[in-house]
Amino acid sequence: MVPPFISLATGAFIFAAAVLNFMPGLEVADRAAGLVLTLIVFARAARYPLALPPELLLFALWVVWATMPGLLGIAAFGEFWVQWKKLAQLVILILVLTNVTRDGRTLTWNLLFLLAAVGLLVLINELWRDRLYFADRNRDESILQNSNLYASALLYGMMVLAYLWTITPGTALIRRSMYAGAAAVLFQQMIRTGSRKMLIGTALFAILWIFFVYRREVVRRPSVLVAIIFFGGLAIAGGSYAMRDTVMADRFSRTAAAIEGESVHSSGAERVDLFREGLRVAALQPIFGVGVGGFPYYSSAEMMAHNEYLDVTIVSGFVGAAVYFGLMVVLWYRNAQLAKAGDAVTRRTCQLFKAILLTFAVLAIGRWFYDDTHFWILIGCFIGYIHAQTQRCRGVT
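Note that the structure is a prediction, hence the values are computed from the model and not measured.

Turning our eyes to something else, we now look at the overall build of the chain. Across its full length, the chain carries 16 helices and zero strands. Counting every position in the chain, which comprises 397 residues, the buried fraction comes to 51%. In the chain, once contacts between residues fewer than 6 apart in sequence are set aside, the share between residues at least 24 apart is 75%.

On to the packing of helix α5 (residues 79-100) against helix α16 (residues 373-393), then. Here α5 crosses α16 at 35°, and the two axes come no closer than 8 Å. The handedness of the crossing between α5 and α16 is right-handed. Contact residues: α5 offers K86, L90, L93, I94, L97 and T98, while α16 offers T373, W376, I377, G380, C381, I383 and G384. Grouping the amino acids of the contact of α5 with α16 by side-chain chemistry returns eight nonpolar, four polar and one charged.

Membership of the largest hydrophobic core comes to 100 residues, with the highest contact counts inside it found for F59, W62, F360, Y370, W376 and L378. Not counting residues up to four positions away in its chain, the partners in contact with Y370 are F59, W62, L87, L90, V292, M304, E308, D311, V312, V315, Y324 and W376. Core analysis: the second largest hydrophobic core is formed by eight residues, L274, V281, A282 and L310 among them.

Glancing now at the environment of R334. Following the sequence through the fold, R334 ends up in helix α14 (residues 308-341). On the basis of relative accessible area, R334 is assigned to the buried category, the value being 12%. Aside from chain neighbours lying at most four places away, what touches R334 is P53, P54, E55, I386, H387 and T390. Reaching out from R334, the side chain makes a polar contact with the side chain of E55 at a distance of 2.8 Å.

Its place among the elements puts D311 in helix α14. Excluding its chain neighbours within four sequence positions, the residues that come into contact with D311 are M304, A305, H306, W368 and Y370.

Looking now at helix α9 (residues 196-220). Here α9 is 25 residues long and its end C-alpha atoms lie 35 Å apart, about the 36 Å a rise of 1.5 Å per residue gives. At Y214, α9 shows its maximal bend, which comes to roughly 70°.

Here the chain shows a mean pLDDT of 84. Residues at 70 or above account for 85%. Per-element mean pLDDT across the chain ranges from 63 in helix α2 (residues 27-45) up to 96 in helix α3 (residues 54-65).

A separate point is the pattern of salt bridges. What the rule picks out here adds up to five salt bridges. The salt bridge partner of R129 is D140, with a shortest N-O separation of 2.6 Å. Taken as a pair, R129 in the loop between α6 (104-127) and α7 (147-167) and D140 in the loop between α6 and α7 lie far apart in primary sequence, eleven residues in all. The partner of R192 in a salt bridge is D140, with the nearest N and O atoms 2.9 Å apart. Placement of the pair is R192 in helix α8 (residues 173-193) and D140 in the loop between α6 and α7, with a sequence separation of 52 residues. Salt bridges sharing partners connect three or more residues here, namely E126, R129, D140 and R192.

We now examine the packing of aromatic side chains. Evaluated as defined, the whole model comprises 22 aromatic pairs. Between the aromatic rings of F360 and F375, the centroid separation amounts to 4.8 Å while the plane-to-plane angle is 75°, which identifies the pairing as edge-to-face. Remark: F375 occurs in helix α16 and F360 occurs in helix α15 (residues 344-363); sequence separation between them is 15 residues. This pair shows no difference in class: F360 is buried, exactly as F375 is. Site record: aromatic cluster; members linked through ring pairs are F59, W62, Y156, Y309, Y324, F325, F360, F369, Y370, F375 and W376. Its guanidinium or amino end placed over the ring of F211, R215 lies 4.8 Å from that ring's centre, counting from NZ or CZ.

Each value, and the rule that gives it
Residues numbered from 1 in each chain as written. Predicted model: local features only at pLDDT ≥ 70, side-chain atom pairs only at ≥ 80, totals over all residues. Heavy atoms only, no water. Helix = DSSP H or I, 4+ residues; strand = E, 2+ residues; numbered from the N terminus. Buried < 20%, exposed > 50% of the residue type's maximum accessible area, 1.4 Å probe, protein only. Contact = heavy atoms within 4.5 Å. Axes fitted to C-alpha atoms, helices over the stretch in contact; angles between N-to-C directions. Left-handed = near helix turned anticlockwise from the far one by under 90°. Nonpolar A, V, L, I, M, F, W, Y, C, P; charged D, E, K, R; others polar. Core = buried A, V, L, I, M, F, W, Y, C linked by side-chain atoms within 4.5 Å. Polar contact = N/O pair within 3.5 Å; in protein donor to acceptor, adjacent residues only side chain to side chain. Expected span 1.5 Å × (residues − 1). Bend = angle between axes of the 7 residues up to and from the residue. pLDDT = per-residue confidence, 0-100. Salt bridge = Lys/Arg side-chain N within 4 Å of Asp/Glu carboxyl O. Phe/Tyr/Trp six-rings, centres within 6.5 Å; stacked < 30°, edge-to-face > 60°. Lys NZ or Arg CZ within 6 Å of the ring centre and 35° of its normal.

Put into structure tokens, the structure is as follows:
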């Protein structure tokens, strides 16, 4: 059992990593919180076994492999070690979260801290929008300086709300109403980011969540299907109304026009060009890659490839990509095995996590997540929970 003071320290760490880390001059708070919590975890390791899930070890191995371009002189640019240091810090973040997320209670608390951090990002965006720097004034970014990154954080918040809904009894109508209201606020913020892929990802996640968690109830109780259709229709109608005359609607319209062959500016065409360039660059260094942060130096657009599968291959080669995506395969397998062996709440949690993993697998076609702090906070909590519950099912304490 994780003591309360460690849970509070974890909350401070999650807040620092998810919010303060992006505020100029306050990054030191993130480092300090991480250092304190890391020392606590290793101090407890003298009394309790240190949790080292295979997913953590694979991520650490990938980060070690990602140093090779720098050591071999392939990545001869100063930005490499800055970007690599961020990956090394993510190893510490995952290590800490996997050791403090030991059961359903700590998983819930840690995800609540993440949700609160996302809520703070929304509050900052609302209160100080005119003072914040946005690359595109038509697309909200909060303090993250990237509309897609902000939209991703909003999606993670909605995934946490889906988790809370899943573990909450159906009779707790007030709590579920609060979760639905919070999801509506996050969805409204997402529309203002203009991030098409994250909006599509939200819809995909909702479908997968219902399929994995509630499909048996739909079969047994037709009233559940009626409720899903009714509230789904309300969500679609409300979302369509909220999108009228917004940057999100305009971006979808331009994408549709580009597909129909009209001569309009669309980032979709840029993404296709980036993908082609990415394939060419990946072939230059197929073993070690060009180094973290290196692709913009080879790209005419000076951008990432906007494809997780390609970006990871570019920066760490095909060997590194095999290790990184092997992590995801192992995580899916262990989660699926736990879903068969755990109790009812554990099974529902694992089924929800299947929806989360599949959503990211699809979104990875148009975005990269390997250096996204918010992403690894979410995934790290689930890694710790799955590892601890698997050990309990095996009788290991």
